[in-house]
Amino acid sequence: MQKLLVTGSNGLVGSTVVEYFDALGWRTYGIDNNMRKEFFGTNADTGWMLSKLQTKCKRFTYFNFDIRDRKMVEECLVEVRPDMIVHAAAQPSHDLAASRPFDDFEINALSTLILLEFTRRHAPEATFVYMSSNKVYGDAPNELAMQELEYRWDYALPDYYDGISESFRIDRSQHSIFGASKVAADVMVQEYGRYFGLRTCCLRAGCITGTGHSAVELHGFLSYLTRVAIMNETYRIFGYKGKQVRDNIDSYDIATFIEQFHDNPQIGEVYNIGGGRENSCSIMEAFGYIEHLTGTKVKYEYIEQVRRGDHICYISDLKKARLNYPGWNITKNLPTIFENLVDSWKQKLN
Ligand SMILES: NC(=O)c1ccc[n+]([C@@H]2O[C@H](COP(=O)([O-])OP(=O)(O)OC[C@H]3O[C@@H](n4cnc5c(N)ncnc54)[C@H](O)[C@@H]3O)[C@@H](O)[C@H]2O)c1
């Protein structure tokens, strides 16, 4: 039986990956210390997800420790000797990072090195998937010519119609402290591939969403927006007239990509992975989707000040992912994503 070790197993991506591979018959092991609650408060508590995994996944083993603990990580790698590692534990917020730079860097960058090194020593044949971020490109995508449409910003040049590809530069721009720690980890994951031959891959994700997110204002765009709308609270828009665009991918479609990578692994690769143009929307357009489903206007407050380093329009170019893994594609379109989010928040909040 194949073994999968997932860091951040109670978070959105980690839990989806655990469920997905458990259903495929794998033995799964998760590491999580519910740091998300410590970062973002009680609404971000991932305890409910841990209970769900422990009930639903028959071959799931949970380890409650901090991935910064080098000794624990090594003991875990020695005990499990996984066939695959999915590294999804993180301080995930662009904005929070500035107030907790040491936590951010230690969790995002240093822990990635710890995991890589113990993988090299104890499970060198394993595939290693790192959840990177489109923030590795910093705010350089904002230098592209933009056109303002009625409800969204969009790239003005046809060359960028499909979005940002992996060849886009990653330095000489403002990343936020979070983006900089993700760059450090991303480059180290590539290096352990190129230098040591590990089967590593960085997934530079756009906005990942899904019903498994313990969403809060500082992290979890669509899920948080839906929660606010269902509760009839006020959503805060930061600048760009609410026309800033994100491409959204359901965490399920991340799990299916990871399966493809494991089946045909590469060394030190990077992939931009998001919803692509079809799954892109601005905040204003997201309001439209939700209002269509709930019949109620989303209340919002507009704040002129933009979030530092925020993308005006970010769409992941999926050509490389589709070319190298033709068996993979997006399976959840935006209407489905919104329907699922609205249904699940209605259930949870009732
Ligand atoms: N959600 C998105 O929109 C998005 C977009 C791009 C990239 N990513 C990346 O994908 C990864 C997963 O994101 P997510 O949305 O699932 O985040 P998440 O916060 O839902 O999950 C991360 C999990 O890691 C755990 N964790 C944090 N610090 C830990 C530590 N020190 N020790 C053990 N566990 C710890 C948290 O408790 C949480 O359950 C992250 O690396 C994130 O940067 C996410």
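Residues numbered from 1 in each chain as written. Predicted model: local features only at pLDDT ≥ 70, side-chain atom pairs only at ≥ 80, totals over all residues. Heavy atoms only, no water.

Student: Please set out the packing of helix H9 (residues 283-294) against helix H11 (residues 334-349) residue by residue, giving values where relevant.
Tutor: Two elements in contact, H9 and H11, have axes whose closest approach is 10 Å; the angle formed by their N-to-C orientations is 55 degrees. By the criterion of interaxial angle, the relationship of H9 to H11 is oblique. In terms of crossing hand, the pair formed by H9 and H11 is right-handed. Contacts between H9 and H11 involve Ala286, Tyr289, Ile290, Leu293 and Thr294 from the first element and Leu334, Pro335, Phe338, Glu339 and Val342 from the second. For the contact of H9 with H11, the residue count by class is eight nonpolar, one polar and one charged. (Axes fitted to C-alpha atoms, helices over the stretch in contact; angles between N-to-C directions. Helix = DSSP H or I, 4+ residues; strand = E, 2+ residues; numbered from the N terminus. Parallel < 35°, antiparallel > 145°, perpendicular 65-115°, else oblique. Left-handed = near helix turned anticlockwise from the far one by under 90°. Contact = heavy atoms within 4.5 Å. Nonpolar A, V, L, I, M, F, W, Y, C, P; charged D, E, K, R; others polar.)

Student: Tell me what's going on with the packing of aromatic side chains, and back it up with residues and numbers.
Tutor: Overall, the coordinates contain 21 aromatic pairs when judged by the stated rule. Between Tyr195 and Phe196 the ring centres are 5.0 Å apart and the planes differ by 70 degrees, which places this aromatic pair in the edge-to-face class. In this structure Tyr195 comes out as exposed when scored by relative accessible area, which is 63%. Take Phe196: its relative accessible area is 36%, and that puts it in the partly exposed class. When the ring of Phe287 is compared with that of Tyr300, the centres are 5.4 Å apart and the planes differ by 35 degrees; the resulting orientation is tilted. Of this pair, Phe287 sits in helix H9 while Tyr300 sits in strand E14 (residues 299-303), and the two are 13 residues apart along the sequence. On the accessibility criterion, Tyr300 (43% relative accessible area) is partly exposed. (Phe/Tyr/Trp six-rings, centres within 6.5 Å; stacked < 30°, edge-to-face > 60°. Buried < 20%, exposed > 50% of the residue type's maximum accessible area, 1.4 Å probe, protein only.)

Student: Requested: an account of the site of the ligand, with residues and values cited.
Tutor: As a matter of local geometry, the ligand sits amid 29 residues, with Asp32, Arg36, Lys182, Gly206 and Ile208 nearest to it. Within the side chain of Arg36, a nitrogen or oxygen atom sits 2.7 Å from an oxygen atom of the ligand. The separation between a nitrogen atom of the ligand and a polar main-chain atom of Ile67 is 3.0 Å. In isolation the ligand has 820 Å² of accessible area, and contact with the protein removes 97% of it. Among the secondary structure elements, those contributing two or more residues to the shell around the ligand are helix H1 (12-23), helix H2 (35-40), strand E5 (127-133), helix H6 (176-194) and strand E9 (207-209). (Near = heavy atom within 4 Å. Polar contact = N/O pair within 3.5 Å; in protein donor to acceptor, adjacent residues only side chain to side chain. Areas by Shrake-Rupley, 256 points an atom, 1.4 Å probe, with all protein chains shown as cover.)

Student: How would you sum up the pattern of salt bridges? Please name residues and give values.
Tutor: All told, the structure shown has 29 salt bridges when counted by the stated rule. Overlapping salt bridges, with partners in common, bring together Glu38, Asp66, Arg68, Arg100, Asp103 and Glu106 in one network. (Salt bridge = Lys/Arg side-chain N within 4 Å of Asp/Glu carboxyl O.)

So far we have only geometry, and geometry alone does not tell us how the molecule works.
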